[in-house]
Amino acid sequence: MRFCMIILSLVSSLVLLAGCDSPAEKEHGIKVGTNAEFPPFEKLEGNGKITGFDAEILSAVAKAENLSFDFQHTGWDVMLNGVARGRLDAGISAITITEGRQKIYDFTEPYFEAKQVILVPSASPVKTLNDLKGKKIGVQSSTTGEQVVQKAFGNTYPGLKRYDVISSAVEDLKLGRIDAVVVDEAVNAEYLKKLGKSQFKTVQDSSMPAESYGIIVKKGNRELLNKLNSGLKKIKQNGTYDKIYAKYFGDK
Ligand code: ARG
């Protein structure tokens, strides 16, 4: 009987231990992935550092929650798969909260409002999304930009050109290999600044729905989700969020 009690308490403390942070989490902090090729949200600097709006939001949230983290440029698909399978603890990458993704991940509360816009050469006759019918449209694979085009022209639309990174789509647009790029508004604005407003312009279409970004965690990881949400709440309340927002996008 006594022996059984000892075993029992041993087992329960093991169970308790297993319920705590994983060893990896304790040593190096949570592993967070991103596709650091999406300025102004995330960008990989020459020194290997990831900068941008999301990077600063993540740092601020982690600081508010006393959470250490390891932020990695994994690429878009590797991030999505990694968080789904638990190889990464979280992903922050201008990730739009969509119904489909909510089946696979848990999202934090929204932290940024966004939408898709169309980037075209200045001389383009395109005025609406529908005007793109029959034209070659570049998007980043597995993004809401791709979804917008598929919704408008069908899943197998032959003019849809998918790229691993959005910069390659913009390169092809510059070279005249495609007619338009559908991409998140703030990223488009960043490209317009670089490309020069005389050669490219933005087309907005009200049929492209409002989006909001959230941070993803593996479905069911309540503990981390709660921490991230609590951190987001704190930085929204204490003015840190507004400061970071103003740095990248000007005052609201
Ligand atoms: N907001 C879009 C989406 O969630 C595009 C995000 C792409 N992000 C990136 N870092 N490449 O589908």
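Residues numbered from 1 in each chain as written. Predicted model: local features only at pLDDT ≥ 70, side-chain atom pairs only at ≥ 80, totals over all residues. Heavy atoms only, no water.

A.B. asks: How do you make sense of the site of the ligand when you look at a structure like this?
C.D. replies: Around the ligand, the surrounding shell holds 14 residues, and the nearest of these are Asn35, Ser93, Ala94, Thr144 and Asp184. A distance of 2.9 Å separates a nitrogen atom of the ligand from a polar atom in the side chain of Gln140. With respect to the ligand, the backbone of Thr144 contributes an N or O atom lying 2.8 Å from an oxygen atom. Relative to its unbound accessible area of 340 Å², the ligand is 100% covered by the protein chains. Broken down by class, the residue content of the shell around the ligand amounts to five nonpolar, six polar and three charged. (Near = heavy atom within 4 Å. Polar contact = N/O pair within 3.5 Å; in protein donor to acceptor, adjacent residues only side chain to side chain. Areas by Shrake-Rupley, 256 points an atom, 1.4 Å probe, with all protein chains shown as cover. Nonpolar A, V, L, I, M, F, W, Y, C, P; charged D, E, K, R; others polar.)

A.B. asks: Help me understand the sheet that holds strand S10 (residues 137-140), please; the structure alone is not making it clear to me.
C.D. replies: Hydrogen bonding along the main chain pairs the strands of a sheet, whether they run parallel or antiparallel. The strand order across the open sheet formed by five strands is S11-S10-S12-S9-S13, and the pairing between neighbours is mixed. In the strand order of this sheet, the two ends are held by strand S11 (160-163) and strand S13 (200-203), each with one partner. Neighbour-to-neighbour, the strand axes of the sheet open up by a mean angle of 30°, direction not taken into account. (Pairing = 2+ DSSP bridges. Helix = DSSP H or I, 4+ residues; strand = E, 2+ residues; numbered from the N terminus. Axes fitted to C-alpha atoms, helices over the stretch in contact; angles between N-to-C directions.)

A.B. asks: Where do I start with the packing of aromatic side chains in this structure?
C.D. replies: What characterises a pair of aromatic rings is the spacing of the ring centres plus the angle enclosed by the ring planes. Taken as a whole and assessed by the stated rule, the structure comprises 19 aromatic pairs. Taken together, a centroid distance of 6.4 Å and an interplanar angle of 20° make the contact between Phe53 and Tyr111 stacked. A residue pair is termed long-range when its members are at least 10 positions apart, and Phe53 in helix H3 (residues 53-65) and Tyr111 in the loop between strand S7 (105-107) and strand S8 (112-114) qualify at 58 residues. The exposure classification of Phe53 matches that of Tyr111, with both residues buried. Clustering of aromatic rings is evident, with ring pairs tying together Phe38, Phe41, Phe53, Tyr111, Phe112, Tyr213, Tyr241, Tyr245, Tyr248 and Phe249. Cation over ring: Lys236 sits above Tyr241, and NZ or CZ is 5.9 Å from the ring centre. (Phe/Tyr/Trp six-rings, centres within 6.5 Å; stacked < 30°, edge-to-face > 60°. Buried < 20%, exposed > 50% of the residue type's maximum accessible area, 1.4 Å probe, protein only. Lys NZ or Arg CZ within 6 Å of the ring centre and 35° of its normal.)

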